[in-house]
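# Coordinates in review
Listed below, chain by chain, are the residues.
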Amino acid sequence: MASATDPSAIRLSDLRLDDARALLEHDPSCELPKPEASPTVYLQSVLDGLCELSLRDPLTGLSNRRHFQHLLNMEIESVARSGESVLLLIIDIDHFKKVNDTYGHHAGDLVLQAVSKCLESCVRPMDTVSRFGGEEFAAILPNCPATFGAVVAERIREAVSELGITVSPSETIHVTISIGGAYAPEWVRSTIELWTERADEQLYRAKSAGRNRVFIEEQRGVAVSADEKGMLFGHLLFGDPASAGVDGDAPGSAVADSEMNRAN
Amino acid sequence: MSEVSNPPQGATAEPVLALKSRSKVIAVTSGKGGVGKTFVSANLASALAKRGLRVLVLGADLGLANLDVVLNLYPKITLHDVFTGKSKLEDAIYKAPGGFSVLLAGSGMVEYSRLAPEVRDDFLRIMESLVPNYDIVLLDTGAGISDVVLFAVSMASEVLLVATPEPTALTDAYATIKVLGAQQKRQSIRVVINQVARTGDGTGITTQLQQVLDRFVNKDSEHPLKLLHMGDIPADTAVRQAIMKRQLLAQADPGCPAALAITQLATKVESAVIKHGA
Ligand SMILES: Nc1ncnc2c1ncn2[C@@H]1O[C@H](COP(=O)(O)OP(=O)(O)OP(=O)(O)O)[C@@H](O)[C@H]1O
Ligand SMILES: [Mg+2]
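Residues numbered from 1 in each chain as written. Chains lettered and ligands numbered in written order. Predicted model: local features only at pLDDT ≥ 70, side-chain atom pairs only at ≥ 80, totals over all residues. Heavy atoms only, no water.

### Some points on a negative patch on the surface
- Taken together, the side chains of Glu 193, Glu 197, Asp 200 and Glu 201 of chain A define an acidic patch exposed on the protein surface.
- Judged by relative accessible area, Asp 200 of chain A falls into the partly exposed class, the value being 35%. (Patch = residues over 30% accessible without salt bridge, like charges linked within 9 Å, V, L, I, M, F, W, Y side chains within 5 Å. Areas by Shrake-Rupley, 256 points an atom, 1.4 Å probe, with all protein chains shown as cover. Salt bridge = Lys/Arg side-chain N within 4 Å of Asp/Glu carboxyl O. Lys, Arg positive; Asp, Glu negative; His and termini not counted. Charge placed at Lys NZ, Arg CZ, Asp CG, Glu CD. Buried < 20%, exposed > 50% of the residue type's maximum accessible area, 1.4 Å probe, protein only.)

### Considering the confidence of the model for chain A
- Of the residues in chain A, 82% reach a pLDDT of 70 or more, and the chain-wide mean stands at 83.
- Contacts of residues 238–264 of chain A to residues separated by more than four positions or lying in other chains number 31 contacts, the stretch itself having pLDDT below 50. (pLDDT = per-residue confidence, 0-100. Contact = heavy atoms within 4.5 Å.)

### A short note on the sheet that holds strand 8 (residues 226–234) of chain B
All names here are of chain B.
- If you walk across this open sheet you meet the 8 strands as 3-4-2-5-1-6-7-8, and the pairing is mixed. Looking at the sheet topology across the chains shown, the edges are occupied by strand 3 (93–95) and strand 8. Adjacent strand axes in the sheet meet at a mean angle of 25 degrees, parallel and antiparallel pairs treated alike.
- Of the pairings in the sheet, the one linking strand 1 (residues 25–29) to strand 6 (residues 158–163) comprises 4 bridges and is parallel in character. When the sheet's bridge partners are listed, Ile 26 is paired in strand 6 with Glu 158.
- In the packing of helix 2 (residues 37–50) onto the sheet, the strands contacted are strand 1, strand 2 (55–59), strand 5 (136–140), strand 6, strand 7 (188–196) and strand 8, and the crossing angle to strand 5 comes to about 170 degrees.
- Contacts from helix 9 (residues 201–216) reach strand 7 and strand 8, with the element oriented near 155 degrees to strand 8. (Pairing = 2+ DSSP bridges. Helix = DSSP H or I, 4+ residues; strand = E, 2+ residues; numbered from the N terminus. Axes fitted to C-alpha atoms, helices over the stretch in contact; angles between N-to-C directions.)

### Description of the pairing of strand 6 of chain B
All names here are of chain B.
- Taking burial as the measure, the 6 residues of strand 6 include 6 buried ones, the bulk of the element.
- Here strand 6 shows two buried faces, one formed by Glu 158, Leu 160 and Val 162 and the other by Val 159, Leu 161 and Ala 163.
- In the sheet, strand 6 pairs with strand 7 via 4 bridges, with the strands oriented parallel. Its bridge partner being in strand 7, Ala 163 is matched across the sheet by Ile 193.
- Each parallel crossover has a hand, and for strand 6 linked through helix 8 (residues 167–184) to strand 7 it is right-handed. (Right-handed = clockwise from strand over helix to strand, strands pointing away.)

### Notes on the nonpolar core
Residue and element names in this part refer to chain B.
- Core analysis: the biggest nonpolar cluster contains 53 residues, and Leu 79, Met 127 and Leu 139 have the highest contact counts within it.
- Setting aside residues no more than four positions away along its own chain, Met 127 makes contact with Leu 17, Val 25, Leu 58, Pro 132, Val 137, Leu 139 and Met 155.
- Grouped together as the second largest cluster of nonpolar side chains are 44 residues, Ala 169, Ile 233, Val 239 and Val 273 included. (Core = buried A, V, L, I, M, F, W, Y, C linked by side-chain atoms within 4.5 Å.)

Below you can see the structure in the form of structure tokens.
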């Protein structure tokens, strides 16, 4: 119709789509429709496919480093505003080179894929796991209180160590990971570099301490002790117990009364 | 390096602005975000302007300054453009509907969140040239205790801490008070309790904060930190309605309880700053 005479209309046959098509046809998860059916639908699928590819690591299907950095930046912005507790984990497979040297690169790839799957299964859908490159992974856990983060990281470490990875018909191997973690400083607009640097430091500690372990930087912030909180919310306990409990310092209630009495 | 640098032990807050300028600057800050800093800054500014004062609100929240939304004012030129030499300072100052002036830091300032010394110097130079034109300068800082917030607060002689009765806001307010006391050797911090259920609730909250401070912070300090209760602002549906209309309370609903509370606050602030400072 109008499109046939519209000088701005794009004809598929004029576009050099070969490279893009080749890229997408290599990717088993991407299925392109027939170009004849609808050129628009076809072109849209090519673009969607390319976007998808540019965000993902081809081997593991995890988000790639570039995408992850974008997500980190968004997290930094949101923490600066919300003061939410967000944990960054950097995860490295221990002695990965040995796997490659002993069983070959294909085995190495299988290990990377198995570990990726395992990492993803250990976190919540709202968390993001990414392959940072080589045998290094990273995970970002929004809305993650300090007590929770250590437990999750430990669970991840354990799950990977228990994983039997079949690298050939006759061989099933085990690998371990080391994890370093750091929280985004609450209310502060950090930078990707500073934040990852702190998590990396912890990873280094985990490696130096013998690998297959988790080190998480203690969450900073201005310490307000349980005693201080107890006294701060002492008055609430007499009124609305539910709102005092919001802070999770219920054991402070006994303290609060005595602190108050002494203070008065 | 760290996101929040710790000043050397025992460092005193340098008077970063010449005394005369500093005495007019009030930092409006909070622990937790979203407690009403920007709402208080803008409406307090308009109430002070109504009392015949020349007021500047500096949106020093280097990230997302929502001051523009509250005022329905969308300045194209910000302090960031002045820093980068793109614009002149005069052009970055806008007249707000309430009869006061507004200068926004601009979101491009994010990259300065770890304030480099040059940026501090630039900032100070600009403040020195600005402040003489006004009777009161309100610094609407970001939330929390970042380098930027501490620096902004260090330029002010008075701190107006906004808190709400909600437990996390109160904990964060207490933490902020502790840091300001320790890092800047402040002797007094003014407190406004926003969004109280009943007028008068705030007095009790400030007293409570003071008691905890006395017990845990002031007990072995040579400079006991005093909290000065400046008033309560009731939780008022008129506030949300005014913000939806992008209007100041004085325009949208001058008789509402929150507006009356702001007017009272303005009287107190004026006598604290002007009579004191002069
Ligand atoms: N007294 C009040 N009564 C009812 N609602 C209020 C009151 N004060 C503030 N609010 C609501 O709280 C919201 C947040 O206020 P405001 O943006 O001023 O907070 P802020 O401390 O500046 O936030 P930020 O930390 O994000 O800069 C406002 O949009 C308003 O709707
Ligand atoms: Mg604000």
